[in-house]
Amino acid sequence: MAVYSSCPDNNTIHEWNDLVLLIDTGEYEFISKHYKSFRRRNIVIVGIHFDKLPTPDYTPFDEILYHSDTQGVLFNKLKAFSNFGKHRQPSLQLSDRETEVLRLVAAGFSNKQISEKLFISIHTVISHRKHITSKLGVKSISGLTLYAVINDLID
Amino acid sequence: MKMKSHESREHAMIEANDKLCEVIGRNIDLLPIVFRFGISSNLGQSTLGEICLNKKIDLDFLLAVLNTYHSSSYFPNTDSINLTLLTDFLIRTHQHHKQVTIPLLGSLMQELKIKLPDTKLIITLEKYLNDYVSRLIEHIEFEEKYIFPLVGMLNENGRRSDLKTSSANLKKLFGQHSNVETEISDLIIIILQHIPENADIQIFHDILHTLSHFEKEQIDHARFEDKILVPRLLKLFATKFRSDAF
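Residues numbered from 1 in each chain as written. Chains lettered and ligands numbered in written order. Predicted model: local features only at pLDDT ≥ 70, side-chain atom pairs only at ≥ 80, totals over all residues.

1. A short note on the overall build of chain B
Okay, step 1: On a plain count of helices and strands, chain B comes out with 11 helices and 0 strands.
Okay, step 2: From first element to last, N terminus to C terminus, chain B shows the α and β order α-α-α-α-α-α-α-α-α-α-α.
Okay, step 3: The burial tally for chain B puts 21% of its 246 residues in the buried class.
Okay, step 4: Sequence separation of at least 24 residues holds for 68% of the intrachain contacts in chain B that already meet a minimum separation of 6. (Helix = DSSP H or I, 4+ residues; strand = E, 2+ residues; numbered from the N terminus. Buried ≥ 20, exposed ≤ 12 C-beta atoms within 10 Å, placed from the backbone. Contact = placed C-beta atoms within 7 Å.)

2. Notes on the environment of Leu 83 of chain B
Residues and elements named next belong to chain B.
Okay, step 1: Looking at the element boundaries, Leu 83 is found in helix α6 (residues 83–115).
Okay, step 2: For Leu 83, a count of 18 C-beta atoms within 10 Å gives the class partly exposed.
Okay, step 3: Setting aside residues up to four positions removed in sequence, Leu 83 forms contacts with Val 151, Leu 229 and Arg 232.

3. Focus: helix α5 (residues 59–70) of chain B
For an α-helix the count is 3.6 residues per turn, leaving residues at separations of three or four pointing the same way.
Okay, step 1: For α5 of chain B, which comprises 12 residues, the first-to-last C-alpha distance of 16 Å matches the rise-based estimate of 16 Å (1.5 Å per residue) to within 8%.
Okay, step 2: Burial in α5 of chain B covers these residues: Phe 61, Leu 62, Ala 64, Val 65, Leu 66, Thr 68, Tyr 69 and His 70 of chain B. (Expected span 1.5 Å × (residues − 1).)

4. Looking at the interface of chain A and chain B
Many descriptions give the size of an interface as the accessible area lost when the pieces come together.
Okay, step 1: Chain A puts 10 residues into the contact, and the matching count from chain B is 13 residues.
Okay, step 2: Class assignment for the residues of the side of chain A that touches chain B results in 5 nonpolar, 4 polar and 1 charged. (Nonpolar A, V, L, I, M, F, W, Y, C, P; charged D, E, K, R; others polar.)

5. Observations concerning helix α6 (residues 122–136) of chain A
Residues and elements named next belong to chain A.
Okay, step 1: With 15 residues, α6 should cover 21 Å at 1.5 Å per step; its first-to-last C-alpha distance of 21 Å lies within 8% of that length.
Okay, step 2: Burial in α6 covers these residues: Val 125, His 128, Ile 132 and Leu 136. Along α6, the residues classed as buried sweep out an arc of 60° about the axis, all on the same side. Those residues of α6 that are exposed and angled more than 90 degrees off the buried face are His 123, Lys 130 and Ser 134.
Okay, step 3: Here the buried face of α6 lies against α4 (96–106), α5 (111–118) and α7 (141–150). (Arc of directions from axis to C-beta.)

6. Digging into the nonpolar core
Okay, step 1: Counting residues in hydrophobic clusters, the biggest one holds 28 residues, and the most contacted among them are Leu 62, Val 65, Leu 66 and Leu 86 of chain B.
Okay, step 2: For this core, the elements supplying multiple residues, two or more each, are α2 (20–26), α3 (31–35), α4 (48–55), α5, α6, α8 (149–155) and α11 (201–245) of chain B.
Okay, step 3: Looking at this core element by element, the count peaks at 6 residues for α5 of chain B.
Okay, step 4: Here this core spans two domains, since at least three of its residues come from each of domain 1 (6–70) and domain 2 (81–245) of chain B.
Okay, step 5: Ala 106, Ile 132, Val 138 and Tyr 147 of chain A belong to the second-largest nonpolar core, a separate cluster that totals 25 residues. (Core = buried A, V, L, I, M, F, W, Y, C linked by C-beta atoms within 7 Å. Domains from an automatic or database assignment.)

7. Comments concerning the packing of α4 of chain B against α5 of chain B
All names here are of chain B.
Okay, step 1: It is the contact of α4 with α5, at a shortest axis distance of 10 Å, that shows an interaxial angle of 130°. Of the possible angle classes, the one that applies to α4 and α5 is oblique. Handedness of the α4/α5 crossing: right-handed. Contacts from Leu 48, Gly 49 and Cys 52 in α4 reach Leu 59, Leu 62 and Leu 63 in α5.
Okay, step 2: Residues of the contact of α4 with α5, tallied by class, amount to 5 nonpolar, 1 polar and no charged. (Axes fitted to C-alpha atoms, helices over the stretch in contact; angles between N-to-C directions. Parallel < 35°, antiparallel > 145°, perpendicular 65-115°, else oblique. Left-handed = near helix turned anticlockwise from the far one by under 90°.)

8. A few points about unusual backbone geometry
Only a minority of non-glycine residues have a phi that is not negative, and only a minority of peptide bonds are not trans.
Okay, step 1: The backbone of Asp 152 of chain A shows a phi angle near 60°, a positive value even though the residue is not glycine.
Okay, step 2: Inspection of the secondary structure assignment puts Asp 152 of chain A in the segment after α7.
Okay, step 3: With 8 C-beta atoms counted inside 10 Å, the residue Asp 152 of chain A sits in the exposed group.
Okay, step 4: Phi angles above zero are rare outside glycine, and Lys 56 of chain B is one such case at about 55°.
Okay, step 5: Within the secondary structure layout, Lys 56 of chain B lies in the loop between α4 and α5.

9. Re the confidence of the model for chain B
Okay, step 1: Of the residues in chain B, 85% have a pLDDT of 70 or more, and the chain-wide mean is 84.
Okay, step 2: Predicted as a complex, the structure gets a pTM of 0.69 and an ipTM equal to 0.75. (pLDDT = per-residue confidence, 0-100.)

10. Notes on the packing of α4 of chain A against α7 of chain A
Residues and elements named next belong to chain A.
Okay, step 1: α7 packs onto α4 with a crossing angle of 115° between their chain directions and a minimal axis gap of 9 Å. Here α4 runs over α7; the crossing is left-handed. Residues Leu 102, Arg 103, Val 105 and Ala 106 of α4 lie in contact with α7, whose contacting residues are Ile 141, Leu 144, Thr 145 and Ala 148.

11. Here we look at the pairing of strand β2 (residues 20–24) of chain A
All names here are of chain A.
Okay, step 1: Relative to strand β3 (residues 44–49), β2 runs parallel, the two being bridged by 5 bridges. When the bridges of β3 are listed, Leu 21 appears paired with Ile 45.
Okay, step 2: Running through helix α2 (residues 28–40), the crossover from β2 to the neighbouring parallel element β3 is right-handed. (Pairing = 2+ DSSP bridges. Right-handed = clockwise from strand over helix to strand, strands pointing away.)

12. Looking at the environment of Glu 183 of chain B
Okay, step 1: Within the element layout of this structure, Glu 183 of chain B appears in helix α10 (residues 176–194).
Okay, step 2: Taking the C-beta count within 10 Å as the criterion, Glu 183 of chain B has 24 such neighbours and is therefore assigned buried.
Okay, step 3: For the pair Glu 183 of chain B and Leu 129 of chain B, spaced 54 residues apart in sequence, the C-alpha separation works out to 9.5 Å.
Okay, step 4: Those residues within four positions of Glu 183 of chain B in sequence are excluded, and the remaining contacts are Ser 140, Ser 142 and Gly 143 of chain A together with Tyr 132 of chain B.

Pasting the structure below:
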């Protein structure tokens, strides 16, 4: 579970997969902007509504927790997410960040060069590469390049 | 082949008294392997022992090879393998790749191109396969030029300076095989993930089947080289240089 009262930075959200995001409903624009990406990565979006203004009929939130909710209501809303992720397969889709790493691997960049380009540590690059290999079932650099070309990630 | 149940018969060790036709009947993948020993016709009811006697084939070596290809859990006694016979066999395996498997894959790709012309998938797969084949041929040529001749050089007391250069090549060989095998298994997985809807499944089946056989052959071939040939050569090098020092 990730809890935020304001917009997290882009580097942080690229690391997300299969989690419940608790965020201020005031960050509506931020959620709308990343909505498709969150859906692709199995992120449940839960808004926390602090003021008494009514919320619109349509919102990008899967659930909204109101300041006025009683303890019992809050308990039941949160309970619905308590088993999230425990009985499901992790997403086999590459996250945006993994796709970016794959694109750079396929373009021939080393782990060090990738870490410099994306401003992340080499350990994080290695971790992304492990996830990519595990999700795609492809291990070699030439295999990853083939996958990237077929799927239009590189020319 | 000592038999109990169907399952144990499948995995039983191949022995001198087994009839070759029955051995092949149980594992058809061994047919191209026996061809490499010059055994190709009139299998009749002969046992492996009888065939080896008639054709002057080293029975122990044939059994070691057949069992290695037959069962991934079997491993021959490394020290008993005749290295000259082994390198001859490995060269014949290379020839099989160059003359049979690679042309077969090429013709299947051509067939696929006719059925799915101008598709990015096929063009990309063909390029990958061509690049792979080029690297494999380069690897094969490296082994035949620099590694296999070491057996003769060591047996014939080759010059110390030549042997020193060659020992560096031996070290270079380590790790090359895992890449060669992984690239084939990656190709199989990527093809499986991208078979287009309404495509002719038979041609994809033929390609995957051929690639899968090729991968298995590469793994067994690498077992002979990485687990027997290279360690034995390194041991011979160590002995040679130790004795030269005295």
